[in-house]
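Residue-level structure breakdown
For reference, the chains in residue letters:
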Amino acid sequence: MSKVVCKGTVLKQEISSALTAVAQVLTIDHDGAEAETFESTTLDTTGAGKEHTATGYTEGGSVGFEFFYDPALAGHQTITDDVTTPAERNWELTFADSGTTSAAFTSAGTSFGFNVDPNDGLKASVSLKLDQLMTYST
Amino acid sequence: MKATFIRPDLVVSGVAPDASRMEQRDGRWYWRVGAQIENPRAYLLCINGDADPADEECQERVEAWRQRHGVTRKMSISARERLARGIHPVDFDRYDAGEIIGYNADGSYKRGPNWTDDDGSEGDDDA
């Protein structure tokens with residue numbers, strides 16, 4: 001059991017059938033996957049506690065990341081290409097643990113925005129809507 | 001458009017395994033160094049430092065990009081290796097200067113050949 005640091009984490013995207021790293025990424029976040037439920041309380045439910053039952057579906061959530069944006073970079077061009085020509089794309093996060101475990105997912109939709117600040121480098125933010133679920137390393 | 005892979009760490013994605021062009025390690029398929037692909041966007045792998053052009057169409061596209069952005073093949077490959085080591089943008093200058101070569105599991109720096117004690121940071125000498 002150990003605490004895994006974040007420096008050294010690599011985000012990879014599929015370009016021409018190869019998973020290759022995205023350059024200049026600053027932060028990455030996943031807003032969470034949620035197994036969906038419905039309230040299943042009935043009149044004959046015993047006790048005061050409300051009942052919930054799994055629907056069998058899980059919302060995969062979205063993966064977002066911020067990076068120093070360079071329109072010349074291959075990986076950054078691919079991201080904007082997915083905005084202008086929407087397409088699903090395979091991604092993979094490789095963590096910085098000793099076993100370099102990874103989490104893979106497919107993006108169904110891409111959102112992209114950038115920020116020009118004279119006190120900072122050109123930065124962009126991306127949000128990837130997951131198709132189905134992230135594959136967690138086990 | 002054709003390109004030839006020059007890195008051994010590119011996981012195969014979206015195509016069926018082909019032992020003649022790929023190799024399996026740790027239960028995953030990787031493109032072999034020297035394997036060739038044909039894809040309309042193969043040039044992106046070249047400018048990313050993952051492959052070299054393998055036909056004239058790809059070569060022209062890559063050269064045009066390199067000239068427009070002042071990036072040489074060597075620069076692309078160096079940047080790609082930096083990327084593979086997971087170097088955070090805040091540490092780019094230190095890596096490029098040879099002070100660090102990566103991070104230890106605890107987040108401390110792996111010392112590069114140009115590491116100096118004046119950095120005031122601890123790390124293992126893994127150059």
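Before any of the text, the structure's been laid out above.
Below: a short report on this structure. (Residues numbered from 1 in each chain as written. Chains lettered and ligands numbered in written order. Predicted model: local features only at pLDDT ≥ 70, side-chain atom pairs only at ≥ 80, totals over all residues. Heavy atoms only, no water.)

In this assembly, 38 residues from chain B lie in contact with 29 residues from chain A. Here chain B meets chain A over a buried area of about 2500 Å², counting both sides, of which 55% is carbon and sulfur. Sorting the residues of chain B by area buried against chain A places B:Ser13, B:Arg41 and B:Leu83 first, and these three jointly supply 22% of that buried surface. The tally of links between chain B and chain A comes to three salt bridges. The residue A:Asp81 makes a salt bridge to B:Arg41 at a minimum N-O spacing of 2.3 Å. Counting across the interface, chain B meets chain A through 18 residue pairs in polar contact (both at pLDDT 80 or more). Every element with two or more residues in the side of chain B that touches chain A is listed here: strand S2 (11–12), strand S4 (28–31), helix H1 (42–47), helix H2 (56–69) and helix H3 (73–84) of chain B. (Contact = heavy atoms within 4.5 Å. Buried area = accessible area lost by both parts, 1.4 Å probe. Salt bridge = Lys/Arg side-chain N within 4 Å of Asp/Glu carboxyl O. Polar contact = N/O pair within 3.5 Å; in protein donor to acceptor, adjacent residues only side chain to side chain. Helix = DSSP H or I, 4+ residues; strand = E, 2+ residues; numbered from the N terminus.)

On to the environment of A:Glu88. Residue and element names in this part refer to chain A. One can find Glu88 in the loop between helix H1 (74–84) and strand S7 (89–94). As a C-alpha pair, Glu88 and Phe65 span 23 residues in sequence and 17 Å in three-dimensional space. Apart from the residues lying within four places of it in its own chain, the contact partners of Glu88 are Thr106, Ser107, Ala108 and Asp131.

Turning to the sheet that holds strand S1 (residues 2–5) of chain B, a few remarks are in order. Residue and element names in this part refer to chain B. Reading across the sheet, the three strands line up as S5-S1-S6 and stay open at both edges, with antiparallel pairing between neighbours. The strands lining the two open edges of the sheet, one partner per strand, are strand S5 (36–38) and strand S6 (51–53). Averaged over all pairs of adjacent strands, the angle between their axes in this sheet comes to 30°, without regard to strand direction. Two elements, S1 and S5, share three bridges in a ladder whose sense is antiparallel. When the bridges of S5 are listed, Thr4 appears paired with Gln36. (Pairing = 2+ DSSP bridges. Axes fitted to C-alpha atoms, helices over the stretch in contact; angles between N-to-C directions.)

In this section: the pattern of salt bridges. All names here are of chain B. Going through the model one piece at a time under the given rule, you end up with 18 salt bridges over all chains. For Asp52, the salt bridge identified is with Arg73, shortest N-O distance 2.8 Å. Separated by 21 residues along the polypeptide, Asp52 in strand S6 and Arg73 in helix H3 bring together distant segments of the chain. Through salt bridges that share partners, Arg7, Asp9, Glu81 and Arg85 make up one connected network.

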